[in-house]
Amino acid sequence: MFRRLPETAAQPVTVVIDGRPVRVPFDLTAAAAVLIGDGITRTTPVSGSPRAPYCMMGVCFDCLMEIDGVPNTQACMVPVAEGMRINRQVGARKVRS
Amino acid sequence: MIGGGLVGAAIGYGLARQGLKVTLLDEGDVALRAARGNFGLVWVQSKGPGVPEYQHWTRLSSDRWPGLAAELRETTGVDCAHERRGGFAICLTEDELEQRRQMLEVLRRQAGAVEFEYEILDHGALARRVPLIGPEVVGASYTPYDGAVHPLYLLRALHAGLLRHGARYEPNARVNAVHAAPHDFRIEARGTAHAAPRLVLAAGLGSRELAPLAGLHAPLRPVRGQILATERVAPAIPLTQKIRQMSEGALLIGDSFEEAGYDDSTAPQVLSALAARAVRTFPFLREVQLVRSWAALRVMSPDGLPIYEQSARFPGAFLASCHSGVTLAAAHAYPYAEAVARGALPDELARFASRRFDVPKAA
Ligand SMILES: Cc1cc2nc3c(=O)[nH]c(=O)nc-3n(C[C@H](O)[C@H](O)[C@H](O)COP(=O)(O)OP(=O)(O)OC[C@H]3O[C@@H](n4cnc5c(N)ncnc54)[C@H](O)[C@@H]3O)c2cc1C
Ligand code: FES
């Protein structure tokens, strides 16, 4: 569905999505990096159904993921970086006791 | 009725459900409206030391809240997420805890026939019931009567309910003139004149200016409160007075008491003090992200008690105002609205008439 503009074919970085290293262009957001694969960012706390990024501009909150250990992060608002750990968020964010 | 905030909407709902013909005049979206910015507690445990009438009125409302929530859900389909599982007031110093103990003991003794039970918990006892408290917490008081709702759903439910019962709601209808005669009121709003044999003034801070026009007295002032809201997290804490978790998972951290006139903007120093106390209370909050903050203006009388009265000069005009409009919503929807429908306020409410403010100041 998406095609990159030719002038942005840029140097890749390696991010770790759900434990698997993936090479992606350096100028993607974490949500865009996930969309290269299965596109699933989280499962909902209410029904448990899978969700994908939707608005890609920070308003719908369907892209919540755990990024570098921080849960409930809007993946569409975070540019990728070398070594970034991007994990699917399952259910509600737990707090640490 | 003038004012569609929490007090006006609750009384309006209560009148409409009895079959009265109600028109509710309200301002627009930009109004000062505590109903849109409050913390949503149905809070009993600190209400009325030294004033048994207030303690009883609050308790009555909290006892009738489950019925109101169910009725609103049935009539409107809106669930205002009412819960009543008791509440903790968490103390960070021995002094705070001792003051609470003394206040609750006063309340227990003056409760009379209404039983009033409370517990004072030390750190260990509290930690068994609220495991996530921090090491600095000294203890807490607890009563089983406290509860909470989602305040925005409450406002929505009351408005849906009064429409459902045939009331008319006029938004963007700021009242600027009231012409009063006994049992005959003419009210002008947005260029339209409304006439009614009965008038309920429940315009929050706006009642101050309007009251004298109907022979009522509402010496109210704004007291600012600021609140922080976090991202949504899995269920973590039970109800406490200053920090609560909403049904959707967000935590609210409240709420300041500030004399700031009609300024309803937020102030970073106040918010950071709230956050600091919250983190001392629940250290896990250090890692939870804040997503919003806001301020709203409480509707405060000189002694902090509600003002309820019928005009002596212009019978048929009623005033209702309080600073705990969520807590008292059931008292307003049922006994208060029933009294207005009958045409006389009951003796139990005589304590709340504005004549208590007429005492000349001692030198
Ligand atoms: C920060 C904060 C936290 C709070 N927390 C709690 C809590 O936990 N529990 C609790 O019980 N209470 C709480 N409250 C208090 C509660 O919100 C108020 O008691 C309640 O909203 C007051 O209701 P009201 O209808 O008198 O005023 P408001 O809700 O302020 O509504 C007044 C209404 O009158 C209308 N109005 C004013 N002037 C005119 C006019 N001239 N013509 C037409 N309409 C007019 C306004 O547009 C508005 O709709 C809190 C308040 C604040 C500010
Ligand atoms: S995709 Fe909508 S907020 Fe990220």
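It should be emphasised that the depicted structure is a prediction, and the values quoted were computed from it without experimental measurement. (Residues numbered from 1 in each chain as written. Chains lettered and ligands numbered in written order. Predicted model: local features only at pLDDT ≥ 70, side-chain atom pairs only at ≥ 80, totals over all residues. Heavy atoms only, no water.)

### Here we look at the site of ligand 1
All names here are of chain B.
So, point 1. Taken together, 40 residues lie near ligand 1, and Asp26, Arg33, Ala34, Gly325 and Thr327 sit nearest.
So, point 2. Between ligand 1 and the protein, one listed contact pairs an oxygen atom with a backbone N or O atom of glycine 5 at 3.4 Å.
So, point 3. Interatomic distance of 2.8 Å between a backbone N/O atom of alanine 34 and an oxygen atom of ligand 1.
So, point 4. Elements with a contribution of two residues or more to the shell around ligand 1: helix H1 (6-17), strand S12 (221-232) and strand S15 (290-300).
So, point 5. Considering every element that reaches the shell around ligand 1, the biggest residue donor is S15, with four residues.
So, point 6. By residue class, the composition of the shell around ligand 1 is 20 nonpolar, 14 polar and six charged.
So, point 7. Each of domain 1 (6-76 + 151-219 + 304-356) and domain 3 (221-300) gives at least three residues to the shell around ligand 1. (Near = heavy atom within 4 Å. Polar contact = N/O pair within 3.5 Å; in protein donor to acceptor, adjacent residues only side chain to side chain. Helix = DSSP H or I, 4+ residues; strand = E, 2+ residues; numbered from the N terminus. Nonpolar A, V, L, I, M, F, W, Y, C, P; charged D, E, K, R; others polar. Domains from an automatic or database assignment.)

### Regarding the environment of leucine 199 of chain B
So, point 1. Note that leucine 199 of chain B resides in strand S11 (residues 199-201).
So, point 2. Once residues lying within four places of it in the same chain are set aside, the contact partners of leucine 199 of chain B are Ile2, Val178, Phe185, Ile187, Ala214, Gly316, Ala317 and Phe318 of chain B. (Contact = heavy atoms within 4.5 Å.)

### Considerations on the nonpolar core
Residues and elements named next belong to chain B.
So, point 1. Ile11, Trp65, Leu68, Leu154, Tyr308 and Tyr336 are the most contacted members of the largest nonpolar core, which totals 50 residues.
So, point 2. Those elements that provide at least two residues to this core are H1, helix H2 (52-76), helix H5 (151-164), strand S17 (317-321) and helix H8 (329-342).
So, point 3. Examining the composition of this core, we find that nine residues originate from one element, H8, more than from any other.
So, point 4. Those residues within four positions of leucine 68 in sequence are excluded, and the remaining contacts are Tyr13, Ala329, Ala330, Ala333 and Tyr334.
So, point 5. Listed in part, the 26 residues of the second largest apolar core include Val130, Val233, Ile253 and Val288. (Core = buried A, V, L, I, M, F, W, Y, C linked by side-chain atoms within 4.5 Å. Buried < 20%, exposed > 50% of the residue type's maximum accessible area, 1.4 Å probe, protein only.)

### Comments concerning the domain arrangement of chain B
Interface size is commonly expressed as the accessible surface area that is lost when the partners come together.
Residues and elements named next belong to chain B.
So, point 1. Along its sequence, chain B is carved into domain 1 (6-76 + 151-219 + 304-356), domain 2 (87-144) and domain 3 (221-300).
So, point 2. Computed from C-alpha atoms alone, the centre-to-centre distance between domain 1 and domain 2 is 32 Å.
So, point 3. Domain 1 puts 12 residues into the contact, and the matching count from domain 2 is 16 residues.
So, point 4. For the pairing of domain 1 and domain 2, the buried interface totals around 1,000 Å² over both sides, and the portion due to carbon and sulfur atoms is 53%.
So, point 5. If you sort the residues of domain 1 by the area they bury against domain 2, Gln45, Gln55 and Arg59 come out on top, with a joint share of 54%. (Buried area = accessible area lost by both parts, 1.4 Å probe.)

### Concerning the pairing of strand S3 (residues 87-91) of chain B
All names here are of chain B.
So, point 1. The buried count for S3 comes to five of five residues, which makes it a mostly enclosed element.
So, point 2. Note that S3 and strand S5 (residues 139-143) share five bridges and pair antiparallel. In the sheet register, phenylalanine 88 faces S5, and the bridge partner there is tyrosine 142. (Pairing = 2+ DSSP bridges.)

### Quick notes on the sheet that holds strand S16 (residues 307-310) of chain B
Residue and element names in this part refer to chain B.
So, point 1. Strand order in the open sheet formed by three strands is S11-S17-S16, with mixed pairing between adjacent strands. In this open sheet, the two strands that pair with only one neighbour each are S11 and S16. Sheet twist, expressed as the mean angle between neighbouring strand axes with direction ignored, is 15°.
So, point 2. Judged from the four bridges that link them, S16 and S17 form a sheet pairing that is antiparallel. Opposite isoleucine 307, over in S17, you have serine 321 as the bridge partner.
So, point 3. Across the sheet, H8 touches S11, S16 and S17, and the angle it forms with S17 is around 160°. (Axes fitted to C-alpha atoms, helices over the stretch in contact; angles between N-to-C directions.)

### Concerning the interface of chain A and chain B
So, point 1. If you look at the interface, chain A gives 10 residues, while chain B gives 10 residues.
So, point 2. Carbon and sulfur atoms supply 53% of the area buried between chain A and chain B, which totals about 790 Å² over both sides.
So, point 3. Three residues, Arg93, Val95 and Arg96 of chain A, lead the burial of chain A against chain B; their summed loss comes to 66% of the area buried on that side.
So, point 4. Connecting chain A to chain B are two salt bridges.
So, point 5. Note that arginine 93 of chain A is salt-bridged to glutamate 231 of chain B, the shortest N-O span being 2.6 Å.
So, point 6. The interface formed by chain A and chain B includes six residue pairs in polar contact (both at pLDDT 80 or more).
So, point 7. Across the side of chain A that touches chain B, the residue classes break down as four nonpolar, three polar and three charged. (Salt bridge = Lys/Arg side-chain N within 4 Å of Asp/Glu carboxyl O.)

### Observations concerning the packing of H2 of chain B against H8 of chain B
Between two packed helices, the angle of one axis relative to the other and the distance separating the axes together describe the packing.
All names here are of chain B.
So, point 1. Between H2 and H8, the shortest axis-to-axis distance is 7 Å and the interhelical angle comes to 85°. Relative to H8, the element H2 lies roughly perpendicular. For the pair formed by H2 and H8, the contact residues are Trp57, Leu60, Ser61, Arg64, Trp65, Gly67, Leu68 and Glu71 on the first element and Ala329, Ala330, Ala331, His332, Ala333, Tyr334, Pro335 and Tyr336 on the second.
So, point 2. Residues that form the contact of H2 with H8 fall into these classes: 11 nonpolar, three polar and two charged. (Parallel < 35°, antiparallel > 145°, perpendicular 65-115°, else oblique.)

### A word on the environment of proline 219 of chain B
Residue and element names in this part refer to chain B.
So, point 1. By the secondary structure assignment, proline 219 is in the loop between helix H6 (207-210) and S12.
So, point 2. Sequence-wise, proline 219 and leucine 104 are 115 residues apart; in three dimensions their C-alpha atoms are separated by 29 Å.
So, point 3. Once residues lying within four places of it in the same chain are set aside, the contact partners of proline 219 are Arg208, Met300, Ser301, Pro302, Ile307 and Phe357.

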